[in-house]
Amino acid sequence: MMETTAGVAAEPLTLGQDDHDSLQAHFQAGISADEIEQVFHLKRAQPTLQAFTALFHGGADGVLIRLLVLRELAADTSTTAFSRADINQKLAYLLPESLETVLTRLRSHSLLAWDAQAAVYRVTPMARNVLSSLDTLLSMGQADDDAEMGFLLSQVAGAQAVGGVTVEQLKHLLGRLVELTEEFRDAIASGSEFRLRTSQAKWHMACDWVEKGSEILRAITSDERADSATHKAAQAIGRAQSALLNMQGMFSRALNQIERQRVHLGQSGLSTTDVKRWLLAHEDLSSLAHGAIDRPLMPLFVTPAEMIDVAETELLAERGPATGPAGLPQGEDAPLTINDGPAIQAELDDWLARLADFANLGNFPSFSEHGPKTVPIQDSLLPASFAVASYRASMLPLLGDAAEASLQGATAQLARLPITFTPTDEMVQLNDPHVFAMSIATLSLDLESGPADDK
């Protein structure tokens, strides 16, 4: 999209009587635009808004070319003045007509200053301020900041460093913190494991920014020059940060609840979560059906004449009395079957005895009575086949479950054991013939609870 010189040589953006009337047309009858506080602040910032209008008004291609020209000129620190020959040489990859159009627009909106006596262009201070704010936003956008707090926090930090932090900047940061808290609460309420884990990763990133911003907030609240509105906004941000940090327990409880309710597919050791994760790894799910589904049956249709002909034959056919067995068949003994699968109850009893041995300070792999009363989780789950190790791992979240401990049965005994299960999100590779890798976790004794329950 090309712009003509006449189309860009606009007058500076000022609010005359006609502009004021057009602005007033957006408001309800009886309300003056000048009575709105934000309108006053925006009118006062007309020079800055004019600079952004000059850069971003029009199509996306035009915006890109204007930013390209202005950034190329501002990035040259060897000189502060550019002749037209210098600009033509620096931007020789652009068409002369396009370059002329952009230079005219930037000059007419005071982003480039034209020195008629020296016949050179200069980048104005307003243009450098605009480019600096854009560069900060673009650099933060390229970073892996799913929480999207980096730019907001950098603005607050920069303003605090020069003593000019505003209530509006703090409110933007506060608004983002409130949005993240609501987003995380919705994820917890959804009960979706995948959404929970995605939100938990985003929560960890947000906590990193919270830690970096705590020192800035302390500096703002201890600054005697800050007004009461700034202090109130900083204190509100502190409360929002505390609410955000306290969500770790909510994430853990929700994930533990999902772990207890996980459905395992037979004795394969796989769960529905594993199946869903495998399905999500395929971009085209329909491709999985290739070769697995046969062609559908081809229906055969008959005309009404054939249908009537067959019906008449059936109605007129002579049939003899029905013959069949006169009484009930003799009873037979049910055949004996042998269940070749492993007994789940026996496996649970063996696993319960193994954990009780650890709780009673017995012989347990990698455990020393004089050493730390903690063992890696792989030492308790292995050696075993993949299916047995998965079954044992599915029982671990029951340790310390108060609701389960109040019941009766083997799982209740497991819940009453004085053992604490501490999982993490990281994995460790194992030298095992059946299990390649396992989450890094530990089992530790809760000595305050006393010995294991032997009932």
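- By the naming in an unreviewed UniProt entry, the chain goes by DUF3375 domain-containing protein and is assigned to Massilia genomosp. 1.

**Overview of the overall build of the chain**
Here comes step 1: Helices and strands together make up the secondary structure of the chain, namely 20 helices and five strands.
Here comes step 2: By the burial criterion, 31% of the 455 residues in the chain qualify as buried.
Here comes step 3: Summarising the internal contacts of the chain: among those between residues at least 6 apart in sequence, 61% fall at separations of at least 24.
Here comes step 4: Of the roughly 29,400 Å² of accessible surface on the chain, 57% is carried by carbon and sulfur atoms.

**Considering the confidence of the model for the chain**
Here comes step 1: With 81% of its residues at a pLDDT of at least 70, the chain reaches an overall mean of 77.
Here comes step 2: With pLDDT under 50 throughout, residues 1-15 is counted as low confidence; its partners more than four residues away or in other chains account for 23 contacts.
Here comes step 3: pLDDT under 50 marks residues 362-372. Its contacts with residues more than four places away, or in other chains, come to 20 contacts.

**Concerning a nonpolar patch on the surface**
Here comes step 1: Among the surface-exposed residues, Leu265, Leu270, Val275, Trp278, Leu279, Leu285, Leu288 and Phe386 lie close enough to one another that they form a single nonpolar patch of about 660 Å² accessible area.
Here comes step 2: With three residues, the top contributor of residues to the nonpolar patch is helix 14 (residues 272-280).
Here comes step 3: As for its position among the elements, tryptophan 278 is in helix 14.
Here comes step 4: Assessed through its relative accessible area of 48%, tryptophan 278 is described here as partly exposed.

**Digging into the sheet that holds strand 4 (residues 419-429)**
Here comes step 1: Read from one edge of the open sheet, three strands run 3-5-4, paired in antiparallel fashion. Looking at which strands have only one partner, the edges of the open sheet turn out to be strand 3 (374-376) and strand 4. Strand-to-strand, the axes of this sheet are offset by a mean angle of 20°, without reference to chain direction.
Here comes step 2: Looking at chain direction, strand 4 and strand 5 (residues 437-445) are connected through eight bridges and run antiparallel. Looking at strand 5, one finds that phenylalanine 421 is bridged to leucine 443.

**Focus: the side chain of aspartate 432**
Here comes step 1: If you trace the backbone, aspartate 432 turns up in the loop between strand 4 and strand 5.
Here comes step 2: In this structure the side chain of aspartate 432 is engaged in a polar contact, spanning 3.0 Å, whose partner is the backbone nitrogen of valine 435.

**Regarding unusual backbone geometry**
Trans peptide bonds make up most of the peptide bonds, and negative phi angles are found at most residues other than glycine.
Here comes step 1: Note that the residue after leucine 382, namely proline 383, is joined by a cis bond; omega there is 0°.
Here comes step 2: Relative to the elements of secondary structure, proline 383 occurs in the loop between helix 17 (377-381) and helix 18 (386-395).
Here comes step 3: Positioned with a positive phi, serine 110 is a non-glycine residue whose angle comes to about 65°.
Here comes step 4: Along the polypeptide, serine 110 turns up in the loop between helix 7 (96-108) and strand 1 (112-115).
Here comes step 5: By relative accessible area, which is 46% here, serine 110 ends up partly exposed.
Here comes step 6: For alanine 119, which is not a glycine, the phi torsion comes out positive at approximately 60°.
Here comes step 7: Note that alanine 119 resides in the loop between strand 1 and strand 2 (120-123).

**Some thoughts on the packing of helix 4 (residues 46-56) against helix 5 (residues 60-75)**
Here comes step 1: Taken N-terminus to C-terminus, the directions of helix 4 and helix 5 make an angle of 115°; their axes are 7 Å apart at the nearest point. Across from Ala54, Leu55 and Phe56 in helix 4, the residues of helix 5 making contact are Val63, Arg66, Leu67 and Leu70.

**Overview of the layout of surface pockets**
Here comes step 1: Empty space within the largest pocket amounts to approximately 1,600 Å³.
Here comes step 2: Forming the boundary of the largest pocket are 50 residues, of which Arg197, Glu259, Arg262, Phe421 and Ser439 lie nearest the centre.
Here comes step 3: Elements that contribute at least two residues to the lining of the largest pocket include exactly helix 11 (193-221), helix 13 (248-260), helix 14, helix 17, helix 18, helix 20 (410-416), strand 4 and strand 5.
Here comes step 4: Among the elements that take part in the lining of the largest pocket, helix 13 stands out by supplying eight residues, more than any other.
Here comes step 5: One number sums up the size of the second largest pocket: a volume of about 710 Å³.
Here comes step 6: As for the second largest pocket, its lining consists of 21 residues, and the residues nearest its centre are Ala45, Thr48, Phe52, Gln155 and Gln169.

**Brief notes about the environment of isoleucine 31**
Here comes step 1: Within the fold, isoleucine 31 resides in the loop between helix 2 (17-24) and helix 3 (37-44).
Here comes step 2: If near-sequence neighbours (up to four positions away) are discounted, isoleucine 31 is found in contact with Gln24 and Ile36.

Conventions and cut-offs
- Residues numbered from 1 in each chain as written.
- Predicted model: local features only at pLDDT ≥ 70, side-chain atom pairs only at ≥ 80, totals over all residues.
- Heavy atoms only, no water.
- Helix = DSSP H or I, 4+ residues; strand = E, 2+ residues; numbered from the N terminus.
- Buried < 20%, exposed > 50% of the residue type's maximum accessible area, 1.4 Å probe, protein only.
- Contact = heavy atoms within 4.5 Å.
- Areas by Shrake-Rupley, 256 points an atom, 1.4 Å probe, with all protein chains shown as cover.
- pLDDT = per-residue confidence, 0-100.
- Patch = residues over 30% accessible without salt bridge, like charges linked within 9 Å, V, L, I, M, F, W, Y side chains within 5 Å.
- Salt bridge = Lys/Arg side-chain N within 4 Å of Asp/Glu carboxyl O.
- Pairing = 2+ DSSP bridges.
- Axes fitted to C-alpha atoms, helices over the stretch in contact; angles between N-to-C directions.
- Polar contact = N/O pair within 3.5 Å; in protein donor to acceptor, adjacent residues only side chain to side chain.
- 1 Å grid on protein atoms, 1.4 Å probe; cavity = no way out; pocket = protein on both sides within 12 Å on 5 of 7 lines; lining within 4 Å.
- Points joined across faces, edges and corners; volume = space filled by probe spheres on them.

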